[in-house]
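Residue-level listing of the chains:
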Amino acid sequence: MKDSTRAAAYLLPFVAALAVAPLLLPEFYVTLLNYIGLYAIVALGLVMLTGVGGLTSFGQAAFVGLGAYTSAYLTTVHGLSPWLTLPAGLLVTAVVAVSLGLVTLRLSGHFLPLGTIAWGISLYYLFGNLEVLGGHTGISGIPPLQILDREIKSGREFFYLIWAVLLVVVLGTRNLLDSREGRAIRALRGGSLMAEAMGVDTPRAKIVIFTVAALYASVSGWLYAHLQRFVNPTPFSLTQGIEYLFMAVVGGVAHVWGAIVGAGLITILKQWLQDWLPIVLGQSGNFEVIVFGLLMIFVLHRARDGVWPIVTRLFPPPARRRSAPTSVAETESPPRLPLARRPRPESGSLLLEVTRASKRFGGLVANDNVSFTVRAGEVMALIGPNGAGKSTMFNGISGVDPLTSGGVSFRGQRVESLPARDIARLGMSRTFQHVRLLTGMSVIENVAIGAHLRGEKGFLAAACRADRAEEARLFDEAAWQIERCGLAEQMHDAAGSLPLGKQRLVEIARALAADPCLLLLDEPAAGLRYLEKQALADLLRRLRAEGIGILLVEHDMDFVMGLADRVLVMEFGRQLATGLPAEIQRNPAVVEAYLGGVE
Ligand code: ADP
Ligand code: MG
């Protein structure tokens, strides 16, 4: 993330300012900053969940409540130490979050936010109605935190604790997003289909970020309970849940530091509105809610990315040579071990066998009883006019959109009912006709997603940067594939800034980064210039010589006939002919239906 590197330049002055703030500021402002810190921890979870992962939650306040109430209950009723109730609260929150996540995260579109509202309200009423939690009066007499023998009672002491926790969470989140799992998370918003085809378990990734966001909220709740030493249900209501979301959106919902900016702005603005609106309007009431609603609409219309990008524009940090993740591959220090390669099937052995494959979309038969094979070390071309069903066939084979009937066996294993990620794991990789890149991410990061299954470091390792050696290897691999595809110059550019033809090459590099035995290429040469096409044909020949099987859809007949070992012609979903390129070019039915039509 560009965001993370830029923000590093703010870190030192920021920490220095934090260190002296409680010494210089009056009590009132220290209290305000304490709340900003507590809110920012929650908003940060939403940055990851909503801004990066694309999952909107209105219910985070309920998780804050879980953390707060668990600690309040266990310390007051059972006399546990607050340092033990923190992990207890996290455990309770994790169990609830995973359960809720399993139910709600399957909901699509607007149903997910509605689902979060539903459980946000339910948990709120649970807090208010459970006798053991003190009902609506809540729980008082919560003990203060103790470090060694010292009780942390004053706001100034608490300030250091809250902001230290916040900083740890900020840095952990930043690290996480700049990692193998982080790239998978960043693919969730708009790139799920592609990510699945690269082996990412997207439902799992969603549950994980949902749970992590809930845990952040829970930590904030634990801190809150011991700062206030009193809890009641009010701060954990749906209204507060909406406010958290609002903070994340205003700050910049895709930016880690935006959570702090958003929490700060909203908290200060709310304070100010509560002070001034009743005076201006001449009556008391929660008018700030109305102003917030209007402000939200304004932000969504005028500053979708929130305030953080504006901050970085106003105070640009010193320029960096290159964006962060790429520097990993360039540093000398981590050991440069190549990634393990899959044993290649023997050249000429059967890789893929498609039998009587059919796919229906309602009444439309897009694939009708198609059968063919692809062998290792062979280029099999799939040609036919637009709408013939070629891309549909690719989706059926790769599990992206399963067949209606028929069989696909890949390396001796039936795969027609496996999810795309499991087929990818067996060594099949593909490109998409309609390019599916994460346009804001660099070329090399996009390609590294292709190598997802070749790494194993998880979320925790990423958060504490214990994944750097593996990251270096993944990026080494990605860089190599990019060079092979002739994109060395563009390696660090945003993928979306490349012309379409080059974006197709990025798709190929990404597919190759998976170390496939079978490569499915859907119109890879479209939009390429003559020399680029020649270079691509050379690359495909080299891959073939390495023993990779290639299934190729392409409209450029010179390209196809010069490269393919065998050709399958489709028309209206049906298989018209299969044979050697020379046979196909002489086949009267093919000439009539397709080749003749083109000329
Ligand atoms: P090709 O790649 O050979 O140009 P496609 O496989 O994309 O053809 O499409 C084959 C036919 O299936 C077309 O008529 C197309 O409109 C239809 N089709 C493809 N995908 C879908 C879908 N998801 N829903 C409905 N119809 C589809
Ligand atoms: Mg197509």
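Residues numbered from 1 in each chain as written. Chains lettered and ligands numbered in written order. Predicted model: local features only at pLDDT ≥ 70, side-chain atom pairs only at ≥ 80, totals over all residues. Heavy atoms only, no water.

A. Structural view of the coordination of the magnesium ion (ligand 2). Donor atoms from the polypeptide that bind the magnesium ion (ligand 2) are Ser 391 (OG) and Gln 433 (OE1), placed at 2.0 to 2.1 Å. Of this pair, Ser 391 sits in helix H14 (residues 390-398) while Gln 433 sits in the loop between strand S10 (428-430) and helix H16 (443-450); the two residues are 42 residues apart in sequence, bridging distant segments of the chain. By relative accessible area, Ser 391 is classed as partly exposed at 22%. (Donors = N, O, S within 2.8 Å, 3.2 Å for Na, K, Ca; no water. Helix = DSSP H or I, 4+ residues; strand = E, 2+ residues; numbered from the N terminus. Buried < 20%, exposed > 50% of the residue type's maximum accessible area, 1.4 Å probe, protein only.)

B. Expanded view of the state of the cysteines. Taken as a whole and judged by the stated rule, the model has 0 disulfides. Here Cys 485 stays unpaired: no disulfide links it, and the sulfur of Cys 517, its closest cysteine neighbor, is 17 Å away. For Cys 517, a relative accessible area of 0% puts it in the buried group. (Disulfide = S-S within 2.5 Å.)

C. Looking closely at the side chain of Arg 510. Residue placement: Arg 510 occurs in helix H19 (residues 500-512). Polar contacts involving the side chain of Arg 510 include one to the side chain of Glu 507, which spans 2.9 Å. (Polar contact = N/O pair within 3.5 Å; in protein donor to acceptor, adjacent residues only side chain to side chain.)

D. Inspection of the sheet that holds S10 at higher detail. Reading across from one edge, S10-S11-S12-S7-S13-S14 is the order of the 6 strands in this open sheet, with mixed pairing throughout. The outermost strands of the open sheet, each flanked by one partner alone, are S10 and strand S14 (574-579). Strand-to-strand twist across the sheet, computed as the mean angle between neighbouring axes with direction ignored, equals 15°. The pairing of strand S7 (residues 379-383) with strand S13 (residues 566-571) spans 4 bridges and is classified as parallel. Bridge pairing in S13 places Ala 381 opposite Val 567. Contacting S10 and strand S11 (518-522), H19 crosses the sheet at an angle of about 165° to S11. Taken strand by strand, helix H20 (residues 530-545) contacts S7, S11 and strand S12 (549-553), and its axis lies near 150° from that of S12. (Pairing = 2+ DSSP bridges. Axes fitted to C-alpha atoms, helices over the stretch in contact; angles between N-to-C directions. Contact = heavy atoms within 4.5 Å.)

E. Quick look at the domain arrangement of the protein. Assigned domains of the protein: these are domain 1 (27-314) and domain 2 (350-593). Facing the 24 residues of domain 1 at the interface are 31 residues of domain 2. Buried area between domain 1 and domain 2, summed over both chains or domains, comes out near 2600 Å², and the portion from carbon and sulfur atoms is 61%. When the buried area of domain 1 at its contact with domain 2 is split by residue, Arg 180, Arg 183 and Met 198 rank highest and sum to 31% of it. Put simply, domain 1 and domain 2 have 6 salt bridges between them. A salt bridge links Asp 201 to Arg 421; its shortest N-O distance comes to 3.7 Å. Considering every element that reaches the side of domain 1 that touches domain 2, the biggest residue donor is helix H7 (residues 180-197), with 12 residues. Grouping the constituent residues of the side of domain 1 that touches domain 2 by class yields 11 nonpolar, 5 polar and 8 charged. (Domains from an automatic or database assignment. Buried area = accessible area lost by both parts, 1.4 Å probe. Salt bridge = Lys/Arg side-chain N within 4 Å of Asp/Glu carboxyl O. Nonpolar A, V, L, I, M, F, W, Y, C, P; charged D, E, K, R; others polar.)

F. Here's a closer look at the packing of aromatic side chains. Under the counting rule described, the total for this entry stands at 16 aromatic pairs. Considering the side-chain rings of Phe 63 and Trp 119, the 5.0 Å spacing of their centres and the 45° angle between planes classify their relative orientation as tilted. Placement of Phe 63 in helix H3 (residues 60-77) and of Trp 119 in helix H5 (residues 111-129) is noted, with a sequence separation of 56 residues between them. Ring centres of Tyr 124 and Tyr 125 lie 5.2 Å apart, and the angle between their planes is 70°; this geometry places the pair in the edge-to-face category. (Phe/Tyr/Trp six-rings, centres within 6.5 Å; stacked < 30°, edge-to-face > 60°.)

G. Quick peek at the site of ligand 1. Close to ligand 1 lie Phe 361, Leu 364, Ala 366, Pro 385, Asn 386, Gly 387, Ala 388, Gly 389, Lys 390, Ser 391, Thr 392 and Gln 433. Contact distances for ligand 1 include 3.2 Å between an oxygen atom and a backbone N or O atom of Ala 388. Taking Lys 390, its main chain carries an N or O atom lying 2.8 Å from an oxygen atom of ligand 1. Within the complex, the protein chains bury 60% of what would otherwise be the 560 Å² of accessible surface of ligand 1. Elements with a minimum of two residues in the shell around ligand 1: strand S6 (364-375) and H14. Take the shell around ligand 1: its biggest share by element is 3 residues, from H14. Counted by class, the shell around ligand 1 contains 5 nonpolar, 6 polar and 1 charged residues. (Near = heavy atom within 4 Å. Areas by Shrake-Rupley, 256 points an atom, 1.4 Å probe, with all protein chains shown as cover.)

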